[in-house]
Amino acid sequence: MKKVILSLCLLTLAACQSAPSNIIIQPNYTATGNQLIGKQFDVNVRDVRASNSALKVINKDGPTTVPSNNLSQSLHKTLIDALKRHGASSDTQTNNQLELKIHQLEAIVKQETLKYRSESVIELELVINQGNRRFAKYYNGNQQSEGPLLHDKARIESDLNTLLEQLISRMVTDQELKQFLQG
């Protein structure tokens, strides 16, 4: 009888839960280094995803999608901060064009009655044009989590932001990028 009452309470809570608002993507890059000392970049971030969904919740009623806040602007700010922390600067008058393309950025949550499973997937492409030379490389990452009852939007946001910080760190410390810029 307790299981039936618990199940009914959980279903009632799930039915009363309002649709989540935007997912807040604001990675906070704090690492430092000297990887890019003296380099200048004209930085551009472009969202090339087919959908602006940052969260897809799949439950028995079907999928619900939730967009993110100003994703391109947020990543632009974070990328410039990361470049500065590694000795580079942002300058719109330079010949070093740096473009970050967002190919995929989404957390997919499979919500069941008494638990959820989440997978965050991010795919970014870094493209640098330096005169007639070009550097292009993909950076991918994913992270999985699960928990009891309903998913926690704050945890999903944290997972996405942490994964973005890791990918940006890989970019600005990438040895192939360093060799290209020295070349």
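What you see is a predicted model; the values in this text were computed from it and never measured.

Let us now look at the overall build of the protein. Along its length, the protein carries four helices and seven strands. The secondary structure elements of the protein, listed N-terminal to C-terminal, are α-β-β-β-α-β-β-β-β-α-α. Counting only residues that meet the buried cut, the protein has 39% of its 183 residues in that class. When contacts within the protein are restricted to residue pairs at least 6 apart in sequence, those whose partners lie at least 24 apart make up 76%. Accessible surface, the protein: about 10200 Å² in total, of which carbon and sulfur atoms supply 48%.

In this section: the nonpolar core. Core analysis: the largest hydrophobic core is formed by 42 residues, its most contacted members being Leu 83 and Leu 105. Looking at this core, the elements that each hand over two or more residues are strand S1 (40-47), strand S2 (53-59), helix H2 (71-85), strand S5 (96-111), strand S6 (115-130), strand S7 (133-148), helix H3 (153-172) and helix H4 (175-182). In terms of residue count, H3 provides more of this core than any other element does, eight residues in total. In this structure Leu 83 touches Leu 36, Phe 41, Val 43, Ala 88, Leu 98 and Val 172, once residues within four positions along its chain are discounted.

With that settled, consider the pattern of salt bridges. Summed over all chains, the structure comprises seven salt bridges. Of the charged contacts, one joins Lys 137 and Glu 176 as a salt bridge, the two residues approaching to 3.4 Å between their closest N and O atoms. Of this pair, Lys 137 sits in strand S7 while Glu 176 sits in helix H4, placing them 39 residues apart in sequence. What makes Lys 137 partly exposed here is its relative accessible area of 23%. Look at the salt bridges and you will find they share partners, linking Lys 137, Asp 174 and Glu 176 into a network.

For H3, built from 20 residues, the straight-helix expectation of 28 Å at 1.5 Å per residue is met to within 8% by its first-to-last C-alpha distance of 29 Å. Listed as buried for H3 are Ile 156, Glu 157, Asp 159, Leu 160, Asn 161, Leu 163, Leu 164, Leu 167, Ile 168, Met 171 and Val 172. Those residues of H3 that are buried are in contact with S2, H2, S5, S6, S7 and H4. Backbone nitrogen of Ala 154 and a side-chain oxygen of the N-cap are separated by 3.2 Å at the start of H3; the cap is Asp 152.

A separate point is unusual backbone geometry. A positive phi angle, near 60°, is found at Leu 149, a position not held by glycine. In this structure, Leu 149 sits in the loop between S7 and H3. Leu 149 sits in the partly exposed class, given a relative accessible area of 40%.

Here we come to the side chain of Asp 42. The residue Asp 42 is located in strand S1 in this model. For the buried residue Asp 42, which engages in no salt bridge, the nearest side chain bearing the opposite charge is Lys 84, 13 Å off.

Remark: H2 packs on H3, axes separated minimally by 10 Å, with the N-to-C direction vectors making an angle of 45°. Classified by the angle their axes make, H2 and H3 are oblique. Regarding H2 and H3, the two cross each other, and that crossing is right-handed. Along the contact surface, H2 presents Leu 75, Thr 78, Leu 79, Ala 82 and Leu 83, while H3 presents Leu 164, Ile 168 and Val 172. Residues belonging to the contact of H2 with H3 are distributed by class as follows: seven nonpolar, one polar and no charged.

Rules used in this analysis
- Residues numbered from 1 in each chain as written.
- Predicted model: local features only at pLDDT ≥ 70, side-chain atom pairs only at ≥ 80, totals over all residues.
- Heavy atoms only, no water.
- Helix = DSSP H or I, 4+ residues; strand = E, 2+ residues; numbered from the N terminus.
- Buried < 20%, exposed > 50% of the residue type's maximum accessible area, 1.4 Å probe, protein only.
- Contact = heavy atoms within 4.5 Å.
- Areas by Shrake-Rupley, 256 points an atom, 1.4 Å probe, with all protein chains shown as cover.
- Core = buried A, V, L, I, M, F, W, Y, C linked by side-chain atoms within 4.5 Å.
- Salt bridge = Lys/Arg side-chain N within 4 Å of Asp/Glu carboxyl O.
- Expected span 1.5 Å × (residues − 1).
- Polar contact = N/O pair within 3.5 Å; in protein donor to acceptor, adjacent residues only side chain to side chain.
- Lys, Arg positive; Asp, Glu negative; His and termini not counted.
- Axes fitted to C-alpha atoms, helices over the stretch in contact; angles between N-to-C directions.
- Parallel < 35°, antiparallel > 145°, perpendicular 65-115°, else oblique.
- Left-handed = near helix turned anticlockwise from the far one by under 90°.
- Nonpolar A, V, L, I, M, F, W, Y, C, P; charged D, E, K, R; others polar.

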